[in-house]
Amino acid sequence: MLNREEIEKEINLRNFEYVIEKCSEYIKSCPDYSFLYNYRGLCKNNLGLYEEAIKDFDISIELNKELYNKNNPYIKDTIEKNLTEAYYYKGLAKKDLGEYKEA
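To start, this report covers the structure provided alongside it. The structure displayed is predicted, hence computed values, not measured ones.

This brings us to the overall build of the protein chain. Helix and strand counts for the protein chain come out as 5 helices and 0 strands. When the helices and strands of the protein chain are listed from N to C terminus, the series reads α-α-α-α-α. For 103 residues, the compact-globule formula gives about 13 Å, and the C-alpha radius of gyration of the protein chain, at 13 Å, lands near that figure. For the protein chain, the proportion of its 103 residues judged to be buried stands at 41%. For the protein chain, contacts bridging at least 24 residues in sequence account for 53% of all contacts bridging at least 6. As displayed, the protein chain offers around 6500 Å² of accessible surface, 49% of which is attributable to carbon and sulfur atoms.

So, in structure tokens, the structure goes:
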């Protein structure tokens, strides 16, 4: 499994299809890893698949809210980071769709 840094490197290299493929593969075995939905959604957004990207961000948001409500202090910073990124990326996708008010 690629780690976050490796995924980000691939995104910076604009290997969006590769990242989507890898994240989809990892999600099958780790469906509660919200950061995978964020990265997959970001790549879909970069490919113009805005509605699909928004679905991924929505999944990430729900997963992070569930984890946040469990009040685990050891991962709270990570949850907040993932949640912030999901909302930010979702806003970008909404903007790219021309849905400025929702963005």
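Now that the structure is up, let's keep going.
A separate point is the pattern of salt bridges. Inspection of every chain in the model, using the stated rule, returns 8 salt bridges. The residue Lys-22 makes a salt bridge to Glu-25 at a minimum N-O spacing of 3.7 Å. Taken as a pair, Lys-22 and Glu-25 lie in helix α2 (residues 16–29) at a separation of 3 residues, close to a single helical turn. On the basis of relative accessible area, Lys-22 is assigned to the buried category, the value being 19%. Note on Glu-25: relative accessible area 41%, which makes it partly exposed. Across the pair Asp-56 and Arg-40 runs a salt bridge, and its minimum N-O distance is 2.6 Å. Of this pair, Asp-56 sits in helix α4 (residues 50–69) while Arg-40 sits in helix α3 (residues 34–46), placing them 16 residues apart in sequence. A single burial state applies to Asp-56 and to Arg-40, both of which are buried. Connected through salt bridges with shared partners, the residues Arg-40, Lys-44, Glu-52 and Asp-56 form a single ionic network.

A positive phi angle, close to 65 degrees, is found at Arg-14, a residue other than glycine. Along the chain, the position of Arg-14 falls in the loop between α1 (4–12) and α2. Of the residues examined, Arg-14 reaches a relative accessible area of 58% and is grouped as exposed.

Ile-7, Ile-11, Val-19, Cys-23, Leu-36, Tyr-39 and Cys-43 are the most contacted members of the largest nonpolar core, which totals 21 residues. Broken down by secondary-structure element, the contributors of at least two residues to this core are α1, α2, α3, α4 and α5 (76–96).

Each value, and the rule that gives it
- Residues numbered from 1 in each chain as written.
- Predicted model: local features only at pLDDT ≥ 70, side-chain atom pairs only at ≥ 80, totals over all residues.
- Heavy atoms only, no water.
- Helix = DSSP H or I, 4+ residues; strand = E, 2+ residues; numbered from the N terminus.
- Rg over C-alpha atoms; globule rule 2.2 N^0.38 Å.
- Buried < 20%, exposed > 50% of the residue type's maximum accessible area, 1.4 Å probe, protein only.
- Contact = heavy atoms within 4.5 Å.
- Areas by Shrake-Rupley, 256 points an atom, 1.4 Å probe, with all protein chains shown as cover.
- Salt bridge = Lys/Arg side-chain N within 4 Å of Asp/Glu carboxyl O.
- Core = buried A, V, L, I, M, F, W, Y, C linked by side-chain atoms within 4.5 Å.

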